[in-house]
Structure formats: C-alpha cells, structure tokens
Amino acid sequence: MEGTGTGLPTQQAGSEAGDEGRRAAWRAVINPAQAIPLLVAPLFAMGQRAGFIADVPLWMLIGALVFAQVTSSLATALVMPGSTGWKLWVRVGVMCISIGGVCYLTGWGATLAVGFVFGVAECIRVEGSRAARLGVLWTLASIAFGEVAISAGWIPTLLPQPEGHGLAVLAAIGASLIIALIGWTTARKEQVEGKLRASEERFRALVQHGSDVIMVIGVDGDVHYASPSVLRTLGYEDHEVSDAAAGWVHPEDLERAVEFFAAMISRTGDVAWMDMRLRHADQSWKWFEVGVTNRVSDPSVRGMVCNLHDITERKQFENQLAHQANHDELTGLPNRAAFLERLERALARARHDGLPIGVLFLDLDRFKLVNDSLGHDVGDRLLVEIAERLLNCLRPGDVVARFAGDEFTVLLENLVSPEQAVTVAQRITESLNEALSIDDRDLHVTTSIGIAISSDGNDAAGDLLRQADLAMYLAKQNGRSRWEMFDAIDAADVVGRLELEGDLWRALEHDELEVHFQPEVSLLTGRIVAVEALVRWDHPTRGLLEPDAFVPFAEESSLIVEVDRFVLREACRWARTWNLPATGDDDGDAGHDGVVVSVNISPRFFRQPDTVGDLVAVANDMGADMRRLQIEITERTALTDVDRTVETLDRLRSLGVRVAIDDFGTGYSSLGYLKRLPVDVVKLDRTFVECMDTHASDVAIAQAVITMGHALGMEVTAEGVERAEQAARLRALGCDRAMGWLWSPALSPEQVESVLLEGVRGTGPVADAANRAATVIAFPPAVDGRR
C-alpha cells in the first residue's frame, strides 16, 4: 500500500512532464518563425550571383538554415533551463553545430565565428556561466570539424588556403576568449546575485519567522507594512492591523507615545527607543520595547520603521523583583524600605494639606519564646496570622508594614485628632489579645505599641519613627500589652537606658567591668567562709554602676553570657590568688579548705549546650581549684527543665563545685522538685530577712526554709542582713551563714584580701560586727545543738 501510494503521483508527474515536452516540441516545429529561412532564400541566391556566398546548391543552404532553426528551437523546448549533465551538453552542442554548419556552407567558415559568440552568449544568458566552458569546447570542435571538411573538399570555401586555416585558428582563439570572458563576468554576476539573494532570503526569513514585529508607519499614522510575526505576537491578521492600530496603545502610554513619534519626525536616520503597552487581539496588554527609525525620506520606505520587541516577561520579572524589594516575603506586607518611602510621601502631603499623620510602632511581647519553644515554622505562621489581623484593624488607606523580625509599623494619614490613632492602637491590642490557633494549639501573643503624631508634617520620617519606637519601649517598660503615646520627658529616660545598653557592648571590649566581692560569714563562728562575686560597671561618665542598672539589659540578649564569663574568669583568678586557709576554728563549717568564691550564673549561660565544659575551661585557664568555686542559680532556672538541671548540677558537683539556690522563696518553692536537685546551699531571700525582727510571719517563713534545708542536707545562708538583731534571730533559728551590710558591703579584690587577713587575726570590722550580733540578745541554744 505504501509503495502504491507514493509511486502513483510520481508516475503521473512524469507522464505530465513528458506530455508537456512533446507539446513544446510540436509548438517549436510549427512556430511561424521557422519560415524565416524561406524568406532569406532570395538573398542567398543574389549573394551567390555576386560571389559573396559559396557555390553550393540553394536547397542545401536553405536546408541548413531550417535545420539550424528547428534543432535550436527543439533543444530550447526539450532541454529546460537549469538542466545539467548531458542535456546541457546537447543544448550547447546543437547550438554550436547549427551555427558552424551555416557559417561553413556560406564559404566564409571561421571568419563568421562571431556567430558562435552570440549563440553561446544566449545559452549563458539562459543557463548561466556553467554553459561557457561547454560553449568554448563546442565552438572549437565545430571550427575544427569545418576546417577538416574544407581540407577534404566536402564543402567549398571562399578563402584562400592555407591562409584560411590560419584565420580559423585565430577566429577560434578569439571566439573562445570572448566566450570565456562572458562566462567569467556572468559567474561574478551570479556570485553577487547569489549573495544578494541569500541576504534577501535571510531577511525575509527573519521578518517572517522572527519574534520581533517590523512595521512601517506613515507620518499620518497609517500602517503601511507589518511583518507576519504580528499575528504571533499581537494576534492580528494582516488586514486587521490598520484598523486595530488606532486604539492599541495603552491610555497611560498614549501621550508619551504621541510626543515620542512627533519628536522622531524631525530626526532623520536616528534610532530611538521607548517602552509602551500595546493591546493584544485578546484585549490583554503586553509590554513592548519599540525602536523607531525615521525613513520618511527613503523612497523605498517612506515611513517610520518600527521594531517591536516583546518585553512582557521582562516587565513582569522586574515588577516581581520590585515587589520583593519592597515587600516582606513571609507576610506580603510592605517592608522597612517601602514603609519609609510611604512615610516620606505622607509627610510631604501633610505639609501641603496641614493634616496630621500618626505612626504606630508594634513589638510582639515575648515572641522569642514562641520561636524557641515551638520552632520557627510555628513562629512564621503566627506572624502571617498577626499580619492578617493587623490589616483588619486598619482604616481604608492606612498602611501596615513588617519592619523587622517581630516588629510592625502602621502609618495613619489624615488624622482629625490623636484619639483616632489611639483608637486604632486599642483595636490592635484587643484583636491580638484573642487566641490565635496554630496546629490546634491556642497561642496568646500580646503587643506593645508606641504612638507618635506629626501635627504639621515638618518632622523628619526618621524622627517620627524613632519617637514611636521610644514610646513602644516605654509601653514594654510599663508592663507590655499596652500602648503609649510619645512623651519627650518619658522618652528621655528610655533613651538613657538604650544608650546604656549600647555602652555595655563597649564596656566588655574596653575592660570597663569589674568584680567586687561581698563576704559571707558563719553565724556559728563569726568568721568569713565565702565571698560572693558581684559585677560592677565603671562607666566613663556615670561612675560606678550597680548590677540593677545594666544587668536587666544584658539578660535580654546574649550579652549576659559574656558578662557571666567575665565574672567567672575574675572569680577564678582571685580564688587562686587568695590561697588562704578557712577563717575559722578547726571545727568550723566552711566545708572546704580556704575561702569559697560564689558566682551567680544567668539562665542563658546555664542553658548553654556545654555549660560544664565552658566553666571547666575558664577554671583551668585561670588555674583555679574547682573546690573553691560555688555556682548560684535561681529557683526558676533550676526548675525550668529539672532533668537537664539535675544532670548539669551532678556533673558540676562531681568536679568539686558547690551549688547554691539563690533568692529561695521568690520562685516556685516546690519541695517536690527541690529535693531532687543536687544542691549544697539554699540562700534565703532578703525579703524574708528584712522584717523578721518585727514580723512574726517572716520569722515563721525563715524557720520553715531553715528547717527544710537542713532536712535535705543543705546549708542555709541568709541574704541582706543589715542589723545585729536580724543576725541574732537567724542564729537562734539555726541559720548557718549570713551576708549583708552588717558585716561588709561588696569590696574590691584588694580590700577582700585585707579583710581575709584581719579575719585570720580575729580583728577588723567583720569580726566586730559578728561580736555585736552575738551580744545583742541572749537566745536559747540553736536547733540541733548548733551555736
């Protein structure tokens, strides 16, 4: 079936070609032009009488002419132009043989070689330069055969011999050179035409199949030409382009386009570009980069040549990049840069309109706890939900942005009064107070909001934002989950605290921190058994600062870890320096040889991946004896993760480090957890010591803590003892140790060394304070026989 299907058309085409060849041959035979030899027959006869034509039978001359005419016509009809191989040989050969026969029968032979030149030139015109070589060969062959015929006496000649043969040679050479020259010039012409044709074909292919649209637009705006790619690019057929062109420029680009083309009319030959939107046939808009060249003066163009390059995808990508550059990727809200830009524009409008604007600065309260406990994925989804709620709380035209992390900003324009900003802040606070459901878990996240109002727009954007930020810090300071309006007086305090926080980073780098030590006294012997390391900051302008002035800032960041590490290093260094025996009798209760140095550890430091390794590294680096160290942690730190706490404390105690629970009674105070903790010392908080000599309830609490500590095998140290009566009552209750201003404030390391030496001799202020406490009142024997 396949062979039949493909063979029949071929056979049919071959049959049709054969029929056409036969019809062409028949037309060549009956062509009226074949009668021309009969018309010139009288001329031949007259020429013979005059001796200009050789004496041959007239019918032979007429026959030669008819034969030449018919065979040339048949060859032209049967051998189509562009033929190759033997067909081209036949066509050129018939032409040359016919011409040679007529020339030699007239008796003039090769002197009429110009006939060969005209004949072959016609073949070259039709077949191209490839016929030149064949024409030379057939011309030489025809002349050679004619000369042989003359020499053999087959045909007469009017030329004397052998001069005639010489003329034949010259004629053959001349004709061959002329034919070769014609062929060479034709070949060069063919090369130029071939290159031109290839260039035109390439241009046609580019125009027809290229992605760009080529148009020629007249000065009257009519489209004179549009390349075929207009269908692929804009969806218009050729006949639709002119009608569609009137309304296909986007209205927002129309004015620019008109100005652009008007300017191009006077710029002959220049190329200019502009981007514009054009309407697609489906009524959508597409971006094009349009290059225009003024060719109005070119007769072959007479218009503006426009190259339209589709840049829709590039524009979409640019818009996407611009959106990403100005919007938060997570929430889709404007980002910091976009908010600042809009704030600048809003302030400019406020200066013009005279209406105030407001800025709200929001910071989520304790959002870090969500990230740390539930993971950043939950935190991200929570931020997205919060962004949605914020959008629902705003007025039309208000702007909310994600400023950074868990911070958001709101821009309120055209405020009639500051109360409108307060209303929005209250609405946001109430909205965020409602639980947010994430993974079937209800989360409660509150926010602190600062409000700043610009009345006339003269404020700088940065100043207004800073005011709102300061007001937000004031809201956090006053309890969180609230809003605060910016107030210059309150802001000054906040600025001072923030500056102090920034200075703390510099303090660590410039060794501005120092450690003081407060002695801890045995209530049984009155001798110093330990010292507690307390950090101080020698501020360059504010003087010596107590921990309460800067430690809270450090605890809100990783800076507290560096502070703890600094205190630990100083404590270890001085523990090695104070290589003294315990300041008490041989039966004293120091528990270690020498003085123990106690260091408070922050929750962040204690929760490091390798707290024990970090502590050991510092101690080894400073050459301290681990048995001279005591680590203090708060109840809240100890009970946050009991299993991990127990593991860490066990490792510390195995190295000889003592462990104390600081500020006991102010945290969870869970006996069930406390008994699991490997602790050596419980420190009774100063709040229970302060009024115990006047309030029976505080005495009862102190008695309970002392009794519980002893029951668990722990020593009890009372903090904040300032009066001898307090010391005497604590000793009566069986408290082991105490510390406070009754004996000594926190001292410099050099002062501590002096006090330790005085304690050994039983002299000095510490010994005097202990004696005063022992003689204030007479008290019964202490619990369990302790004195």
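Going along each chain's sequence as written, the residues are numbered from 1 onward. Reporting of local features is limited, given that this is a predicted model, to residues whose pLDDT is at least 70; pairs of side-chain atoms are given and counted only at 80 or more, and all residues count toward the totals for whole chains, interfaces and linings. The basis for the side-chain values is all heavy atoms of the structure; hydrogens and waters are excluded.

A.B. asks: Even after reading the chapter, I still don't get the overall build of the chain, so can you show me in this structure?
C.D. replies: The helix and strand tally for the chain stands at 29 helices and 21 strands. Within the chain, the proportion of its 787 residues that are buried is 46%. Two residues qualify as a contact provided that any one of their heavy atoms is within 4.5 Å of a heavy atom in the partner residue. Taking the contacts inside the chain whose residues are at least 6 apart along the sequence as the reference set, 65% of them involve residues at least 24 apart. Total accessible area on the chain is roughly 39,800 Å²; 56% of this is exposed by carbon and sulfur atoms. Secondary structure elements follow DSSP: runs of H or I no shorter than four residues count as helices, runs of E no shorter than two count as strands, and numbering proceeds from the N terminus. With a 1.4 Å probe rolled over the protein chains alone, any residue whose accessible area is under 20% of its type maximum counts as buried; one over 50% counts as exposed, and the rest are partly exposed. Here the open area of atoms and residues is found with the Shrake-Rupley method and a 1.4 Å probe, where only the protein chains shown may cover a residue.

A.B. asks: Sorry, what's going on with the sheet that holds strand β11 (residues 447-454) here?
C.D. replies: Through backbone hydrogen bonds, the strands of a sheet pair up, either in parallel or in antiparallel fashion. Two strands qualify as a pair provided that DSSP identifies no fewer than 2 bridges between them. Taken together, 5 strands build an open sheet; the order of strands is β7-β8-β6-β11-β12 and the sheet is mixed. A single partner strand is all that each edge strand has here, and the edge strands are β7 (399-404) and β12 (483-485). Averaged over all pairs of adjacent strands, the angle between strand axes in this sheet comes to 20°, irrespective of strand direction. As judged from the 6 bridges shared by strand β6 (residues 357-364) and strand β8 (residues 407-412), these two strands associate in the antiparallel manner. Note that in β8 the partner of Gly-358 across the bridge is Leu-412. Inter-axis angles, ranging from 0 to 180 degrees, are taken between N-to-C directions of lines fitted to C-alpha atoms, where helices are fitted over the stretch in contact.

A.B. asks: Please clarify how the pattern of salt bridges should be interpreted in this entry.
C.D. replies: Opposite charge on two side chains makes pairing possible when the charged atoms of those side chains draw close. We count a salt bridge whenever a side-chain nitrogen from Lys or Arg sits within 4 Å of a carboxyl oxygen from Asp or Glu. The final tally for this structure, using the stated rule, is 38 salt bridges. Between Glu-512 and Arg-506 there is a salt bridge whose closest N-O contact spans 3.4 Å. Among the residues examined, Glu-512 registers a relative accessible area of 13% and is labelled buried. Taking relative accessible area as the criterion, Arg-506 reaches 27% and is therefore assigned partly exposed. Arg-737 is the salt-bridge partner of Glu-715, the closest N and O atoms lying 3.3 Å from each other. With Glu-715 in strand β20 (residues 715-718) and Arg-737 in strand β21 (residues 737-738), the pair connects residues that are 22 residues apart, well separated along the chain. The exposure class assigned to Arg-737 is buried, which follows from its relative accessible area of 1%.

A.B. asks: Just checking my understanding: could you explain the environment of Glu-632 for this structure?
C.D. replies: Relative to the assigned elements, Glu-632 resides in strand β17 (residues 629-634). Glu-632 sits 31 residues away from Ile-601 along the chain, and the two C-alpha atoms are 5.9 Å apart. For Glu-632, the contacting residues outside a window of four places in its chain are Glu-532, Ser-598, Val-599, Asn-600, Ile-601, Ala-660, Asp-662 and Lys-683.

A.B. asks: Honestly, the nonpolar core in this entry has me stumped. Any pointers?
C.D. replies: When a protein is soluble and globular, its nonpolar side chains tend to lie buried together. To form a nonpolar core, buried Ala, Val, Leu, Ile, Met, Phe, Trp, Tyr and Cys residues must be joined to one another through side-chain atoms within 4.5 Å. Of all hydrophobic cores here, the largest spans 85 residues; its most connected members are Leu-513, Phe-517, Leu-677, Val-721 and Leu-730. With 11 residues, the single largest contributor to this core is helix α19 (residues 559-577). With near-sequence residues (within four places) excluded, Leu-730 lies in contact with Leu-523, Leu-684, Val-689, Met-692, Ala-718, Val-721 and Cys-735. The next biggest cluster of nonpolar side chains, apart from the first, holds 31 residues, and it includes Leu-333, Cys-393, Ala-425 and Ile-438.

A.B. asks: What exactly am I supposed to notice about the packing of helix α13 (residues 367-374) against helix α14 (residues 376-393) here?
C.D. replies: For any two helices packed against each other, the geometry is given by the interaxial angle and the distance between the axes. It is the contact of α13 with α14, at a shortest axis distance of 6 Å, that shows an interaxial angle of 140°. Considering their axes alone, α13 and α14 lie oblique with respect to each other. Contact residues: α13 offers Phe-367, Val-370, Asn-371 and Leu-374, while α14 offers His-376, Val-378, Gly-379, Leu-382 and Leu-383. Across the contact of α13 with α14, the residue classes break down as 6 nonpolar, 3 polar and no charged. Working rule for angles: under 35 degrees goes down as roughly parallel, over 145 as roughly antiparallel, 65 to 115 as roughly perpendicular, anything else as oblique. Each residue is assigned to one of three groups, with Ala, Val, Leu, Ile, Met, Phe, Trp, Tyr, Cys and Pro labelled nonpolar, Asp, Glu, Lys and Arg labelled charged, and all others, Gly among them, labelled polar.

A.B. asks: Quick question: what am I supposed to make of the packing of aromatic side chains here?
C.D. replies: The description of two aromatic rings rests on the distance between their centres and on the angle between their planes. Think of it this way: a Phe, Tyr or Trp ring, Trp meaning its six-membered ring, pairs with another when their centres are within 6.5 Å, and the plane angle makes it stacked under 30 degrees, edge-to-face over 60, tilted otherwise. The full count for this structure, using the stated rule, is 7 aromatic pairs. Relative to Trp-578, the ring of Phe-517 has its centre 5.0 Å away and its plane inclined at 80°; by these criteria the two rings are edge-to-face. Of this pair, Phe-517 sits in strand β13 (residues 513-522) while Trp-578 is found in the loop between α19 and β16 (596-600), placing the two residues 61 residues apart along the sequence. Judged by its relative accessible area of 2%, Trp-578 falls in the buried class. A connected cluster of aromatic rings, assembled from ring pairs, spans Phe-517, Trp-574 and Trp-578. Sitting over a ring, as applied to charges here, requires NZ of Lys or CZ of Arg to be within 6 Å of the ring centre and within 35 degrees of the ring normal. One Lys or Arg, Lys-315, reaches over the ring of Trp-287 and ends 4.6 Å from the middle of that ring.

A.B. asks: When you look at a nonpolar patch on the surface in this model, what are you seeing that I'm missing?
C.D. replies: The patches described consist of residues with a relative accessible area above 30% and no salt bridge, like charges being joined within 9 Å and nonpolar side chains (Val, Leu, Ile, Met, Phe, Trp, Tyr) within 5 Å. The grouping of Trp-108, Leu-112 and Leu-158 at the surface amounts to a nonpolar patch, some 220 Å² of accessible area in total. The topology assignment puts Leu-112 in the loop between α4 (86-105) and α5 (114-127). For Leu-112, a relative accessible area of 32% corresponds to the partly exposed category.

A.B. asks: How do you make sense of the state of the cysteines when you look at a structure like this?
C.D. replies: Here a disulfide denotes a covalent bond joining the sulfur atom of one cysteine to the sulfur atom of another. Disulfide assignment relies on a single distance test, namely cysteine sulfur atoms paired within 2.5 Å. Tallied over the entire structure, the rule returns 0 disulfides. Between Cys-96, a cysteine without a disulfide, and Cys-123, which holds the nearest cysteine sulfur, the sulfur-to-sulfur distance is 6.8 Å. By relative accessible area, which is 1% here, Cys-96 ends up buried.

A.B. asks: What am I meant to see in α13 here?
C.D. replies: Owing to its 3.6 residues per turn, the α-helix aligns residues three or four sequence positions apart on the same side. Along α13, the residues classified as buried are Phe-367, Val-370 and Asn-371. Looking down the long axis of α13, one finds its buried residues gathered within 95° of arc, a one-sided arrangement. In α13, the exposed positions that point more than 90 degrees away from the buried face belong to Leu-369, Asp-372 and Ser-373. On its buried side, α13 packs onto β6 and α14. With its phi angle positive at about 100°, Gly-375 sits one or two positions after the end of α13. By construction, the arc corresponds to the directions joining the helix axis to the C-beta atoms.

A.B. asks: Is there a simple way to think about a negative patch on the surface in this case?
C.D. replies: Together, Glu-237, Asp-238, Glu-240 and Asp-243 make up a region of like negative charge exposed at the surface. Relative to the helices and strands, Glu-237 is located in the loop between α8 (229-234) and α9 (238-245). Two residue types count as positive, namely Lys and Arg, and two as negative, namely Asp and Glu; His and chain ends fall outside the count. To locate a charge, take NZ of a lysine, CZ of an arginine, CG of an aspartate or CD of a glutamate.

A.B. asks: Sorry if this is basic, but what is going on with the side chain of Thr-429 here?
C.D. replies: Mapped onto the fold, Thr-429 is located in helix α15 (residues 418-433). Once you skip the residues sitting within four places of it in the chain, Thr-429 turns out to touch Ile-449 and Ser-481.

A.B. asks: Which parts of the structure should I look at to understand the sheet that holds strand β4 (residues 285-295)?
C.D. replies: Strand order in the open sheet made by the 5 strands is β2-β1-β5-β4-β3, with antiparallel pairing throughout. Looking at which strands have only one partner, the edges of the open sheet turn out to be β2 (223-226) and β3 (271-279). Going across the sheet, the axis of each strand differs from the next one's by a mean of 25°, ignoring polarity. Bridge count for β4 against strand β5 (residues 303-310) is 8 bridges, and the pairing is antiparallel. Within the sheet, the bridge partner assigned to Phe-288 lies in β5 and is Asp-310. In this fold α9 packs onto β1 (213-217) and β2, with an angle of close to 135° to the strand it touches most, β2.

A.B. asks: Whenever I open this one, the pairing of β6 confuses me. Can you help?
C.D. replies: The side chains of a regular strand alternate between the sheet's two faces. A large share of β6 lies buried, amounting to 8 of its 8 residues. What you see with β6 is no split at all: Ile-357, Val-359, Phe-361 and Asp-363 on one side and Gly-358, Leu-360, Leu-362 and Leu-364 on the other are buried throughout.

A.B. asks: Just to check I follow, could you spell out the environment of Val-596 for this structure?
C.D. replies: Mapped onto the secondary structure, Val-596 falls in strand β16. In sequence terms Val-596 and Arg-658 are 62 residues apart; their C-alpha atoms lie 8.8 Å from each other. For Val-596, the residues in contact, after removing those within four places along its chain, are Val-529, Ala-530, Val-531, Arg-627, Arg-628, Leu-629, Gln-630 and Arg-658.

A.B. asks: What am I meant to see in the pairing of strand β18 (residues 658-664) here?
C.D. replies: Within β18, 6 of the 7 residues are buried, which leaves the element mostly enclosed by the surrounding structure. Where β17 meets β18, 5 bridges bridge the pair, whose relative direction is parallel. In the strand pairing of β18, Gln-630 is matched with Arg-658. Strand direction decides the pairing type here: β18 and strand β19 (residues 681-684), joined by 3 bridges, are parallel. Across the sheet, the residue bridging to Ile-661 is Val-682, located in β19.

A.B. asks: In this structure, what is going on with helix α27 (residues 724-733)? I would like to understand it.
C.D. replies: Within α27, 7 of the 10 residues are buried, leaving the element largely enclosed by the surrounding structure. Within α27, burial applies to Ala-724, Gln-726, Ala-727, Ala-728, Leu-730, Arg-731 and Leu-733. Directly beyond the C-terminal end of α27, a positive phi value near 95° is found at Gly-734.

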